[in-house]
Amino acid sequence: MTRHDFDDPHAYHRRWERLEPDAVGRAAGRDPLLFIADHVSTTDRRAGSVAVHVRTPGGAPMMILIADGPADPTDDDCVACLATVVERIGHEAVDELGVVYHRRGRTHLVDLDRRWQQALEDVCHYYDIEPVGVLARTESGAIVRPPQTEPR
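Residues numbered from 1 in each chain as written. Predicted model: local features only at pLDDT ≥ 70, side-chain atom pairs only at ≥ 80, totals over all residues. Heavy atoms only, no water.

Regarding the overall build of the chain
Right, so step 1: A tally of regular secondary structure across the chain gives five helices and five strands.
Right, so step 2: Listing every helix and strand of the chain by position from the N terminus yields α-α-α-β-β-α-β-α-β-β.
Right, so step 3: Within the chain, the fraction of its 152 residues that count as buried is 44%.
Right, so step 4: Long-range contacts, defined as pairs at least 24 residues apart, comprise 64% of the intrachain contacts of the chain with a sequence gap of at least 6. (Helix = DSSP H or I, 4+ residues; strand = E, 2+ residues; numbered from the N terminus. Buried < 20%, exposed > 50% of the residue type's maximum accessible area, 1.4 Å probe, protein only. Contact = heavy atoms within 4.5 Å.)

Here it is as structure tokens:
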């Protein structure tokens, strides 16, 4: 298996390739952020790349990919990124919002994880949207999930 930065092909195989098509859909519904993280093209995985999970009322989930975001965004950059996605879709048409982003660094929580988590919570609170969560994929392919801090 070829290994790329921000990839773990063995985990992808374990999570998705061995499943029947119906089981893939159920697993994706249980963990949409992991599904998105594993299905962003390897050519679009680099530090700063962001994939936003959006679910609309009665609609299928969708992924909005921002392939060339800043590798070290500020708090305001994170909020602006998510708020722009919501505004472009129309805030009344968004039921759920989540974010997957790619970063360099270790597999423990870092300040950038906190920034994205706080941005998601702030945007979801402002627009009254259900937050799905935040998932970071590191350069080694590891998955890091910051804990949600604001109960809904």
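Once you've had a look at it, read on.
Some points on the nonpolar core
Right, so step 1: One finds L82, L97 and W116 to be the most contacted residues of the largest nonpolar core, which totals 24 residues.
Right, so step 2: The set of elements that each furnish at least two residues to this core consists of β1 (50-55), α4 (75-89), β3 (96-103), α5 (111-127) and β4 (130-138).
Right, so step 3: Counting residues per element, this core draws most heavily on α5, at seven residues.
Right, so step 4: Those residues in contact with W116 that sit more than four places away from it in its chain are V50, P73, C78, C81, L82, V99, Y101 and V134.
Right, so step 5: The next biggest cluster of nonpolar side chains, apart from the first, holds eight residues, and it includes I36, A37, V40 and L135. (Core = buried A, V, L, I, M, F, W, Y, C linked by side-chain atoms within 4.5 Å.)

Here we look at unusual backbone geometry
Right, so step 1: One non-glycine residue, D128, adopts positive backbone phi at about 55°.
Right, so step 2: Within the secondary structure, D128 sits in the loop between α5 and β4.

Here's the deal with the sheet that holds β4
Right, so step 1: Strand order in this open sheet of five strands is β2-β1-β3-β4-β5, and the pairing throughout is mixed. The sheet terminates laterally at β2 (62-66) and β5 (143-144), the two strands that pair on one side only.
Right, so step 2: Note that β4 and β5 share two bridges and pair antiparallel. The partner of A136 across the bridge, within β5, is V144.
Right, so step 3: Across the sheet, helix α3 (residues 32-39) touches β1, β2, β3, β4 and β5, and the angle it forms with β4 is around 35°.
Right, so step 4: Running at roughly 40° to β1, α4 makes contact with β1, β2 and β3 of the sheet. (Pairing = 2+ DSSP bridges. Axes fitted to C-alpha atoms, helices over the stretch in contact; angles between N-to-C directions.)

Observations concerning α4
Right, so step 1: Compared with the 21 Å implied by 1.5 Å per residue over 15 residues, the 22 Å span of α4 between its first and last C-alpha is a close match.
Right, so step 2: Turning to α4, its buried residues are C78, C81, L82, A83, V85 and V86.
Right, so step 3: As for α4, its buried residues are in contact with β1, β2, β3 and α5.
Right, so step 4: Phi turns positive one or two residues past the end of α4, at G90, with a value near 110°. (Expected span 1.5 Å × (residues − 1).)

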